[in-house]
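Coordinate analysis (summary)
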Amino acid sequence: MPDHADPSPIITIERHILDEQAVHPEATGILTNILYDLALAGKVIASKTTRAGLAEILGRTEDVNVQGETVMKLDRFADLTVTRLTDHTGRLAGLASEENASFLPIPAQYPMGKYLLVFDPLDGSSNVDFNMPVGTIFGIYHRLKDGGPVTEDEFLQPGRDLVAAGYIAYGTSTMFVYTAGHGVHGFTLDPAVGEFLLSHPNIRIPRPKYFSVNLGYQTYWSLGVRRYTEYLQGREGGVKGLSLRYIGTLVSDFHRNLLAGGVFYYPADSKDPKAPSGKLRLLYEAAPLALIAEQAGGYASNGRKPILDVTPASLHQRTPLFIGDRELVSKVEELIRGLDGAE
Ligand code: P6P
């Protein structure tokens, strides 16, 4: 007979963060509520991504975003969902989204808070039309000023100063993964009750099984990165037994390597002279995932130095990204230093 005396505890995000708060008094209820707001946004976005083919939100709008990319209907929906669920709460002083050229101040009719939210509302959105997984990435900073209107420079903080970071992965299940500086914790959405329940406490990156990169761009990479790729494929004394897995959605490729062990990289390449630092963004893609990686025992680098130590010069600054297993990421720094010369 099941032991009803002591059913395994059902840990929601709220309970988990409150428990964390008890252990870490510096964590404030406000941060807890911001994470909860983001979890709600994740549920709303998930309700659309799982029915994208049926809900007339497939396809593209006529708009092009600041990245020069056509805005997918679901991008726009996700961006508005996060914004509308967070801009009126009095917890934030401003938001910076991949979808908007400049940051969004809190509308005058709402109270201002002390936190800044940076986010990619729907990472991998071009994959939606092909039923591939996508994700939302977020980072939360303290604002730098005590009051008054928010200015762009307050968003340009290194990832080392993130108060919390995480992502929501819309895949075969919907997962909310976050860190507030005390480990990495994963929650899986139970659609029956509409709650994210703790499913992956204290995530630690295991021994590497995979590497994830778009080999189609190999000819555009530096000598150091090409040697690194050969190393991962076991050539010249390299690592044996790694499998290549690449979805083309950063959140999904990162999430697999976080849970199963491995490294993801999107290096600088000579494909687009206008984008010599690769495709990914520092502020709301690389830095939040870098905090997750380091909190899970891994590492994230731009090929030369820790991602978390890079201070953005602009909201949409691009960066090369190597992230996952600490040893494998450190190896690419060694090869780039040795073969690609000084920065
Ligand atoms: P490529 C999705 O468009 C994205 O921004 C990331 O999620 C993903 O890692 C990368 O681009 C894939 O880019 O050039 O391999 O298609």
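Along each chain, residues carry numbers from 1 onward, in the same order as the chain's sequence is written. Residues qualify for local features only when their pLDDT is at least 70, as the model is predicted, and side-chain atom pairs are given and counted only at 80 or more; totals for whole chains, interfaces and linings, by contrast, use all residues. Water and hydrogen atoms play no part in the side-chain values, which are based on all heavy atoms of the structure.

Numbering of helices and strands runs from the N terminus; a helix is a DSSP stretch of H or I covering at least four residues, while a strand is a stretch of E covering at least two. Along the backbone of the protein chain there are 7 helices and 15 strands. Note on method: radius of gyration uses C-alpha positions; expected globular size equals 2.2 Å times residues raised to 0.38. Radius of gyration (C-alpha) of the protein chain: 20 Å, near the 20 Å computed for a compact globule of 343 residues. Seen through its principal axes, the protein chain has C-alpha atoms that stretch 60 × 55 × 45 Å. Considering the protein chain as a whole, with its 343 residues, one finds that 53% of them fall into the buried category. We call two residues contacting when some pair of their heavy atoms lies within 4.5 Å. Within the protein chain, counting contacts between residues at least 6 apart in sequence, those at least 24 apart form 64% of the total. Here, Shrake-Rupley sampling with a 1.4 Å probe gives the accessible areas, and only protein chains in the shown set may cover a residue. Roughly 14800 Å² of accessible area belongs to the protein chain as shown, and the carbon and sulfur atoms make up 53% of that amount. Neither His nor the chain ends is counted toward charge; the positive residues are Lys and Arg and the negative residues Asp and Glu. In this description, the location of a charge corresponds to atom NZ of lysine, CZ of arginine, CG of aspartate or CD of glutamate. With 32 positive and 40 negative side-chain charges, the protein chain shows a separation of 5 Å between the mean positions of the two kinds. Exposed residues in this analysis have more than 50% of their type's maximum accessible area, buried residues have under 20%, and partly exposed residues fall in between, with area computed by a 1.4 Å probe over protein chains only.

For strand β9 (residues 184-190), the buried fraction is high: 5 of the 7 residues fall into the buried class. Here, a strand pair is defined by DSSP locating no fewer than two bridges between the strands. Looking at chain direction, strand β8 (residues 174-179) and β9 are connected through 5 bridges and run antiparallel. Residue pairing for β9: phenylalanine 176 is matched across the bridge by phenylalanine 187. Counted along the chain from β8 to the antiparallel partner β9, the turn is 4 residues long, and its residue glycine 181 has a positive phi close to 95°. Alignment of β9 against strand β10 (residues 195-200), held across 5 bridges, turns out to be antiparallel. In the strand pairing of β10, aspartate 190 is matched with glutamate 195. Hairpin connection between β9 and β10: a loop of 4 residues separates the two successive antiparallel strands, and glycine 194 in this loop has a positive phi of roughly 70°.

Once that is clear, we can look at the domain arrangement of the protein chain. Domain boundaries assigned for the protein chain yield domain 1 (13-200) and domain 2 (210-340). Of the roughly 2900 Å² buried between domain 1 and domain 2 on both sides combined, carbon and sulfur atoms contribute 64%. Summed over both partners, the accessible surface that disappears when two parts come together, traced with a 1.4 Å probe, is what is meant by buried area. Three residues stand out in domain 1 for area buried against domain 2, namely Leu156, Arg160 and Tyr167, and they jointly supply 22% of the buried area on that side. Salt bridges are counted wherever a side-chain nitrogen of Lys or Arg sits within 4 Å of a carboxyl oxygen of Asp or Glu. In this assembly, domain 1 and domain 2 are joined by 2 salt bridges. Two residues, arginine 160 and glutamate 294, come together in a salt bridge whose shortest N-O distance is 3.0 Å. We call two N or O atoms a polar contact when they sit within 3.5 Å, provided that within protein one can donate a hydrogen and the other can accept it, with sequence-adjacent residues counted only if both atoms are side-chain atoms. Where domain 1 meets domain 2, there are 15 residue pairs in polar contact (both at pLDDT 80 or more). For the side of domain 1 that touches domain 2, the secondary-structure elements that each account for two or more residues are β3 (92-97), β5 (115-123), β6 (134-142), β7 (164-170) and β8. For the side of domain 1 that touches domain 2, the element with the most residues is β6, which contributes 7 residues. Residue ranges for the domains originate in an automatic or database domain assignment.

With that out of the way, let us pick up helix α7 (residues 326-339). An expected span of 1.5 Å times one less than the residue number is assigned to each helix. Across its 14 residues, α7 extends 20 Å between first and last C-alpha, which sits within 8% of the 20 Å expected from 1.5 Å per residue. Those residues of α7 that fall on the buried side of the exposure criterion are Leu328, Val329, Lys331, Val332, Glu333, Leu335 and Ile336. Where the residues of α7 are buried, they touch α4 (223-232), β13 (262-266), β14 (299-301) and β15 (321-324). At the N-terminal end of α7, a side-chain oxygen is found 3.1 Å from the backbone nitrogen of glutamate 327, two or three residues along, and the residue is aspartate 325. Phi for glycine 341, located one or two positions after α7, is positive at around 70°.

In spatial order, the strands read β12-β11-β13-β15-β14; together these 5 strands make up an open sheet with mixed pairing. Edge positions in the sheet fall to β12 (243-244) and β14, since each has one partner strand and no second. Bridging between strand β11 (residues 210-212) and β12 involves 2 bridges; their strand directions are parallel. Opposite tyrosine 210, over in β12, you have serine 243 as the bridge partner. Between N-to-C directions, angles cover 0 to 180 degrees, with each direction set by a line fitted to C-alpha atoms, over the stretch in contact for helices. Running at roughly 155° to β13, α4 makes contact with β11, β13 and β15 of the sheet. Along the sheet, α7 contacts β13, β14 and β15; its crossing angle with β14, the most-contacted strand, is approximately 25°.

The next point concerns unusual backbone geometry. The backbone of asparagine 131 shows a phi angle near 60°, a positive value even though the residue is not glycine. One can find asparagine 131 in the loop between β5 and β6. Looking at asparagine 131, the relative accessible area reads 70%, which means it is exposed. Even without being glycine, glutamate 236 reaches a positive phi, approximately 45°. Tracing the backbone through its elements, the reader meets glutamate 236 in the loop between α4 and β12.

Quick look at the side chain of threonine 86 now. Along the chain, threonine 86 turns up in helix α3 (residues 73-86). Within the local environment of threonine 86, its side chain forms a polar contact with the backbone oxygen of valine 82, the two atoms lying 2.7 Å apart. Excluding residues within four positions of it along the chain, threonine 86 makes contact with Asp37, Leu38, Leu92, Leu95 and Leu117.

Right, let's get into the environment of valine 177. Looking at where valine 177 falls in the secondary structure, it is placed in strand β8. Here valine 177 falls in the buried class, since its relative accessible area comes to 0%. Residues within four places of valine 177 in sequence aside, it is in contact with Phe138, Ala165, Gly166, Tyr167, Val184, His185, Gly186, Ile203, His255, Leu258 and Ile292.

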